[in-house]
Amino acid sequence: MSSAVRDARTGGRAAPLFGLPAVGVVALLLYVPFLWTTYVSFTDYDGLESPVWSGLTNYKAMFSDPDLIGALTNTLLWVVGMVTLPVALGLVIAVLTYGHRWGTWLRLPFLLPYAISGVAVGVIWGFVLQPDGALGQALGFFGLPGASTGWLQAGPGNTLMMIVAVTWQAAGVNALLFVVGLQSIPAEPLEAARLDGAEGFRLFAHHLWPQLRPITTVVIGLSIVGSLKTFDVVWVMTQGGPGTSSETLALSMYKETFVLNDYGQGAAIALFLSLVTFAASVLYLRYQLADGDSR
Amino acid sequence: MKNTSSGSVRTVLLAVLGLIWLLPVYLLVVNAAKPVDGYNAATVWKPDGFSLFANFADAWDKAALGGTVLATTLYSVVAPVLAVLIGAAAGYAIVVLRLRRGFLWFVFIFGGTIFPLQMVLMPLFSGYASSGLYDTRLGMVVVYTAISVPFSAFVMRNFFTGIARSVFEAAIVDGGSLFRIFRSIYLPMAGSALAAIFILQATFVWNDLLLGLTLSQSDSVRPIMPALTGLQSTYGGAALPTVLAGGLLVSLPTVVLFLAAQRFFSRGLALGQF
C-alpha cells in the first residue's frame, strides 16, 4: 500500500504531461488569438502594416454606423426568434411524442434536418424561398396572397424567413433535449396528479412545465449562444444582402475583416459578440449549477 | 376512452407536423433528381425524370468535390480522434492523477468553448499565413483539433469522475505504468463516451463553413461546405438541380451517421450539455 501511495504521488508529478497537450493546443490556438483580437479591436489595422492604437474608435463606429446598427438589430431579431420559435416547437414536439408508442419514430422527421449542415439548410431554403419558388407556387396553388413575394429581397422579412429556416433545422434537437428533461421527471407525482384529475393542458401547466425549468434554461441558453453566432445560413442564403439588410454581427465581422480588410473593426465586433455570448453562458451556467446543488 | 381519443389527436397532430417538416426534404430530393436540360422552375413540386446520379456527378465535377471530400473526410476523422485522445488525457490528468490545481486547468481548457469562432478567426488567418499553415491540410487538422478539445475534455472529465478511485489504486498496486493504465484501462472503459464525442465533433467538422472559408482556398485543402457555397454562388454556372444535388450529396454522410447512431448521439448530446 505504501508503494501505491508513493506511485500515486508520482502520478501527481506525471499529471502535467497528460494535461499539457490540451492546455497547449487550447492556449495556442484559442487563447492567444483571443488576446490578439482583443488588442486589435482597439487599433486601426489593415492586416498589413502594424496596428495603430485608436482607443474606442471601432466601438464607437459599431454603435453609430447604420449598417452595423442594422446588423445589431438583426442579431437581436435572431436571438428573439431563436428563443421563441424553435424552443416552443421543440417543447410541443417533445410533449406530444413523449410516452407515445411510436414517439421515437414520430420524432424522426424533426430530427432529420438537425443532421443537415447550415450550408445545406441554406441551399434548400434559398431554393424554397426564391421568387416564384416552391413557397410562392404553393401559395399560388391555394389562391393565397404573397405568391410572388421576394422573400429574401428586403429586411426585416429576409431575416424572419431565415429564422424560419433555422427553426426547421433546430426544433428537433430542442425536442430531444426536452424529452431528456421529461424523462427525468419522477413518475409518481405525475401519476398522483393524473389520479387527481389533472389532464391535458392543466397537467402540462401545473405539473410538467415547472419541472422542466432546468432543461428550459439549458435550451434557451444554447439558443441564445447559437443565435448570436448565426453565420452559415445567412451567408449561403443572402450573404447579408441585399445591401446589408440581412447581416448579422457574426457576418459583419467576417465582412469587415476578410472582405473590407478593416481588421480592427472586425475585431471589435468579435469582442462585442464574445462578451454578450459570455454573459449569456454565465447566466445559464449559473442556473444549471444552482440546480445541480439543489439535487 | 378519453385517453385513446386524446392519443389519436396527438398522433394526427404529430403526423401532420412531421409531414410539413419533410416537405423541404421532399423538394430537395425531387428537384435534385431532375434533368438539368429542360428543368422547369415553374413546377418544383412535381417530380420529373430521374437523373440524380448524373447531377451528383455534375456537382462533383463543378465544385471539385473529389478533392474536398477526401480532405473533409480526413479532417472529420483525424481531428476528432486527436481531440478525443487529448481531451481524455487531460481528464485523466485532472481526475485520476489529481493534477495540482486541476479544476483551474479544467476551467482554462473548457473556457475554450466560450469564444465565438469569430474571435479567433483573424489571428488564425494572420498566424497561418505567416507560418505557412494557411491552405494546408495540416493546418486544417490542427485548428479542428484545437476547437474540439475543450468539449472532449469536458465530457471525459465528467466521465472519469464517475469511475471509482479503487480502479486506479488497484492498477497501481499491480504495477502498471501511468501511461499503460491510461491506455489499457481508462480509455477502453470510456468507449461509449469517446464514441459520442467523436460523432459530435466529426459532424461539427464536416459541417463547418467558417474555418474552411477563412483558412483554406485550394480545391485539395478546402473543406466541403465552402466548396458547396462556391457551387451555389455561381448560380448561373451550376444549374439548380446540380446545386441541390450537391446539397443532398454533402448531407448524406451526416444524415446516415446521425440515423445510425441516433441513440448514441442523443446520449452524447445529453452528456455534453449537462
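Cut-offs applied
- Residues numbered from 1 in each chain as written.
- Chains lettered and ligands numbered in written order.
- Predicted model: local features only at pLDDT ≥ 70, side-chain atom pairs only at ≥ 80, totals over all residues.
- Heavy atoms only, no water.
- Helix = DSSP H or I, 4+ residues; strand = E, 2+ residues; numbered from the N terminus.
- Rg over C-alpha atoms; globule rule 2.2 N^0.38 Å.
- Buried < 20%, exposed > 50% of the residue type's maximum accessible area, 1.4 Å probe, protein only.
- Contact = heavy atoms within 4.5 Å.
- Polar contact = N/O pair within 3.5 Å; in protein donor to acceptor, adjacent residues only side chain to side chain.
- Phe/Tyr/Trp six-rings, centres within 6.5 Å; stacked < 30°, edge-to-face > 60°.
- Lys NZ or Arg CZ within 6 Å of the ring centre and 35° of its normal.
- UniProt positions renumbered as here; feature names shortened; annotations may be inferred.
- Salt bridge = Lys/Arg side-chain N within 4 Å of Asp/Glu carboxyl O.
- Arc of directions from axis to C-beta.
- Buried area = accessible area lost by both parts, 1.4 Å probe.
- Axes fitted to C-alpha atoms, helices over the stretch in contact; angles between N-to-C directions.
- Left-handed = near helix turned anticlockwise from the far one by under 90°.
- Nonpolar A, V, L, I, M, F, W, Y, C, P; charged D, E, K, R; others polar.
- Patch = residues over 30% accessible without salt bridge, like charges linked within 9 Å, V, L, I, M, F, W, Y side chains within 5 Å.
- Areas by Shrake-Rupley, 256 points an atom, 1.4 Å probe, with all protein chains shown as cover.

Colleague: It is not clear to me how the overall build of chain B should be interpreted in this structure. Could you clarify?
Modeller: Counting its regular elements, chain B contains 13 helices and zero strands. For chain B, the succession of helices and strands along the chain, N to C, is α-α-α-α-α-α-α-α-α-α-α-α-α. For chain B, whose C-alpha radius of gyration is 23 Å, the value lies well above the compact-globule estimate of 19 Å for 274 residues. The buried share of chain B, taken over its 274 residues, is 53%. Across chain B, contacts joining residues at least 24 apart in sequence account for 73% of those joining residues at least 6 apart.

Colleague: What is the right way to look at the side chain of A:Ser41 in this model?
Modeller: Residues and elements named next belong to chain A. Along the chain, serine 41 turns up in the loop between helix 1 (2-40) and strand 1 (43-44). There is a polar contact of 2.7 Å between the side chain of serine 41 and the side chain of tyrosine 59. Excluding residues that lie within four positions of it along the chain, serine 41 makes contacts with Gly55, Asn58, Tyr59, Gly264, Ala267, Ala268 and Leu271.

Colleague: What am I meant to see in the packing of aromatic side chains here?
Modeller: Aromatic ring pairs are reported here in terms of the distance separating the ring centres and the angle at which the planes meet. Overall, the coordinates contain 34 aromatic pairs over all chains when judged by the stated rule. Centroid distance A:Tyr114 to B:Phe258: 6.3 Å. Interplanar angle 65 degrees. Geometry classified as edge-to-face. Of this pair, A:Tyr114 sits in the loop between helix 4 (103-111) and helix 5 (118-129) while B:Phe258 is found in helix 12 (residues 240-260), placing the two residues in two different chains. The exposure class assigned to B:Phe258 is buried, which follows from its relative accessible area of 3%. Between B:Phe110 and B:Phe154, the aromatic rings sit 4.6 Å apart at their centres with planes inclined by 25 degrees, giving stacked as the arrangement. Of this pair, B:Phe110 sits in helix 4 (residues 102-110) while B:Phe154 is found in helix 6 (residues 137-161), placing the two residues 44 residues apart along the sequence. Take B:Phe110: its relative accessible area is 22%, and that puts it in the partly exposed class. Judged by relative accessible area, which is 13%, B:Phe154 ranks as buried. Put simply, the rings of A:Trp36, A:Tyr39, A:Phe42, A:Tyr45, A:Trp53, A:Tyr59 and A:Tyr263 pair up and form one aromatic cluster. Over the aromatic face of A:Trp102 sits the side chain of A:Arg101, whose NZ or CZ is 4.9 Å from the ring centroid.

Colleague: How should the UniProt feature "transmembrane region" (unreviewed entry) in chain B be read in this particular structure?
Modeller: Residue and element names in this part refer to chain B. When the UniProt feature table is mapped to this numbering, "transmembrane region" (unreviewed entry) covers residues 12-33, 74-96, 103-125, 137-156, 185-206 and 238-261. Helix makes up 95% of residues 12-33 and strand 0%. Its end C-alpha atoms lie 30 Å apart. Each end of residues 103-125 is marked by a C-alpha atom, and these two atoms are 31 Å apart; helix forms 70% of the span and strand 0%.

Colleague: Teacher, can you tell me more about the pattern of salt bridges here?
Modeller: Pairs can form between side chains of opposite charge whenever their charged atoms are close. What the rule picks out here adds up to three salt bridges over all chains. Put simply, A:Glu247 and A:Lys255 hold a salt bridge, and the shortest N to O gap is 3.1 Å. A:Glu247 sits in the buried class, given a relative accessible area of 5%. B:Asp219 serves as the salt-bridge partner of B:Arg222, at 3.8 Å between the closest nitrogen and oxygen. For B:Asp219, a relative accessible area of 40% puts it in the partly exposed group.

Colleague: Can you walk me through the side chain of A:Asn158 in this structure?
Modeller: Along the chain, A:Asn158 falls in helix 7 (residues 157-183). Apart from the residues within four sequence positions on either side, A:Asn158 is in contact with A:Trp151, A:Leu152, A:Gln153, A:Gly241, A:Pro242, A:Ser245 and A:Ser246.

Colleague: Please explain helix 7 (residues 165-173) of chain B as it appears in this structure.
Modeller: Helical periodicity: at 3.6 residues per turn, an α-helix aligns residues three or four positions apart in one direction. Residue and element names in this part refer to chain B. Buried within helix 7 are the following residues: Phe168, Ala171 and Ile172. Buried residues of helix 7, seen end-on, are gathered within an arc of 100 degrees and therefore sit on one face of the element. Just past helix 7, the residue glycine 175 takes up positive phi, approximately 85 degrees.

Colleague: How should I be thinking about the interface of chain B and chain A in this particular structure?
Modeller: Each partner contributes to the interface: chain B provides 82 residues, whereas chain A provides 89 residues. For the pair chain B and chain A, the summed buried surface comes to about 7,700 Å²; carbon and sulfur atoms form 79% of the total. On the chain B side of the contact with chain A, B:Trp21, B:Met119 and B:Met122 bury the most area, a combined 11% of that side's loss. Counting across the chain B and chain A interface gives zero salt bridges. Taken together, the connections running from chain B to chain A amount to 10 residue pairs in polar contact (both at pLDDT 80 or more). Looking at the side of chain B that touches chain A element by element, the count peaks at 15 residues for helix 1 (residues 2-32) of chain B.

Colleague: What is the right way to look at the packing of helix 5 of chain A against helix 12 of chain B in this model?
Modeller: To characterise two packed helices, one gives the angle between the axes of the helices and the distance between these axes. In contact at an axis separation of 9 Å, helix 5 of chain A and helix 12 of chain B are set at 150 degrees when each is read in the N-to-C sense. Our pair here, helix 5 of chain A against helix 12 of chain B, has a crossing hand that is left-handed. Residue-level contacts link A:Ala120, A:Val123 and A:Phe127 of helix 5 of chain A to B:Leu240, B:Val243, B:Leu244, B:Gly247 and B:Ser251 of helix 12 of chain B. Class assignment of the residues belonging to the contact of helix 5 of chain A with helix 12 of chain B gives a composition of six nonpolar, two polar and no charged.

Colleague: I would appreciate a short explanation of unusual backbone geometry in the present structure.
Modeller: Glycine aside, residues mostly have negative phi angles, and peptide bonds mostly take the trans form. Of note, the bond from A:Gly155 into A:Pro156 is cis; its omega dihedral lies within 30 degrees of zero at -5 degrees. Positionally, A:Pro156 belongs in the loop between helix 6 (134-141) and helix 7. Residue A:Gly241 is joined to A:Pro242 through a cis peptide bond whose omega torsion reads -5 degrees. Along the chain, A:Pro242 turns up in the loop between helix 11 (232-237) and helix 12 (249-259). Even without a glycine there, the phi angle at B:Arg98 is positive, about 55 degrees. Positionally, B:Arg98 belongs in the loop between helix 3 (65-96) and helix 4.

Colleague: Any chance you could explain a nonpolar patch on the surface here in plain terms?
Modeller: On the surface, B:Leu74, B:Val77, B:Val78, B:Val81, B:Leu82 and B:Leu85 cluster together to form a nonpolar patch covering roughly 410 Å² of accessible area. Among the secondary structure elements, B:Val81 is positioned in helix 3.

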